[in-house]
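Here are the chains, one letter per residue:
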Amino acid sequence: MFSPLLSTMIERHGMAVVDLTTVDAFAEDHDFTVLFFPGDWQRLVESNDVAVILPELVAAFQGVFEAAVVARESERKLQGRYRFNAFPALVFLRNGGYLGVIKRVLDWEDYLGEISSILAREPSAPPPFELPEGCATSDRHDHGHFH
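Note that the structure is predicted; figures quoted are calculated from it, not measured. (Residues numbered from 1 in each chain as written. Predicted model: local features only at pLDDT ≥ 70, side-chain atom pairs only at ≥ 80, totals over all residues. Heavy atoms only, no water.)

Enquirer: Outline helix H1 (residues 4-13), listing residues and values.
Expert: Of all the positions in H1, only Leu6, Met9 and Ile10 are classed as buried. Projection of H1 onto a plane perpendicular to its axis shows the buried side chains occupying an angular sector of 100 degrees, all on one side. Opposite the packed face of H1, turned more than 90 degrees from it, sit the exposed residues Pro4, Glu11 and Arg12. Check the buried side of H1 and you find it contacts strand S1 (16-18), strand S2 (32-37), helix H3 (46-60) and strand S3 (65-70). (Buried < 20%, exposed > 50% of the residue type's maximum accessible area, 1.4 Å probe, protein only. Helix = DSSP H or I, 4+ residues; strand = E, 2+ residues; numbered from the N terminus. Arc of directions from axis to C-beta. Contact = heavy atoms within 4.5 Å.)

As structure tokens, then:
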């Protein structure tokens, strides 16, 4: 379930909602696509911020990319496909091929610069999955030492 604000934005701007079964066809139907992964809006206040910013970004780029919202039940599986580690996230695709991701909320000028850079890339495989900051990794050997 989406936040009331995101539901209003979807309706007002005619944004598609995609899931595991529809995301590929949607992305392949458009030269450039941005997939909005809102995450848990009750925990992440930034989700509603991006819900408001996204239509403004589509307008700022004069409709170069088509926006879609990822259905809640498909977020985790698609997160695994695109390998990002924080919500909310905007995943950019060209004809279904991965271009890049923007996580959390940025300043307006940073969005404009980052999106311009992402749209100029060639499609590639998503980067390796990274654990969020603060998570232990297997190369740390201090688990037996307590202070």
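Enquirer: Give a description of the side chain of Ser3 that names residues and reports values.
Expert: Residue placement: Ser3 occurs in the segment before H1. Engagement of the side chain of Ser3 in a polar contact is seen with the side chain of Asn48, the distance being 2.6 Å. (Polar contact = N/O pair within 3.5 Å; in protein donor to acceptor, adjacent residues only side chain to side chain.)

Enquirer: So, the pairing of S2: which residues are in play, and what are the values?
Expert: Counting buried residues along S2, six of its six residues qualify, which places the element largely inside the surrounding structure. On S2, burial covers both faces: Phe32, Val34 and Phe36 on one face and Thr33, Leu35 and Phe37 on the other are all buried. Pairing of S2 with S3 involves five bridges; the strand directions are parallel. Note that in S3 the partner of Phe36 across the bridge is Val69. The β-α-β motif built from S2, the intervening H3 and the parallel element S3 has right-handed crossover chirality. Bridge analysis of S2 against strand S4 (residues 89-94) gives six bridges, and the strand direction is antiparallel. Across the sheet, the residue bridging to Thr33 is Leu93, located in S4. (Pairing = 2+ DSSP bridges. Right-handed = clockwise from strand over helix to strand, strands pointing away.)

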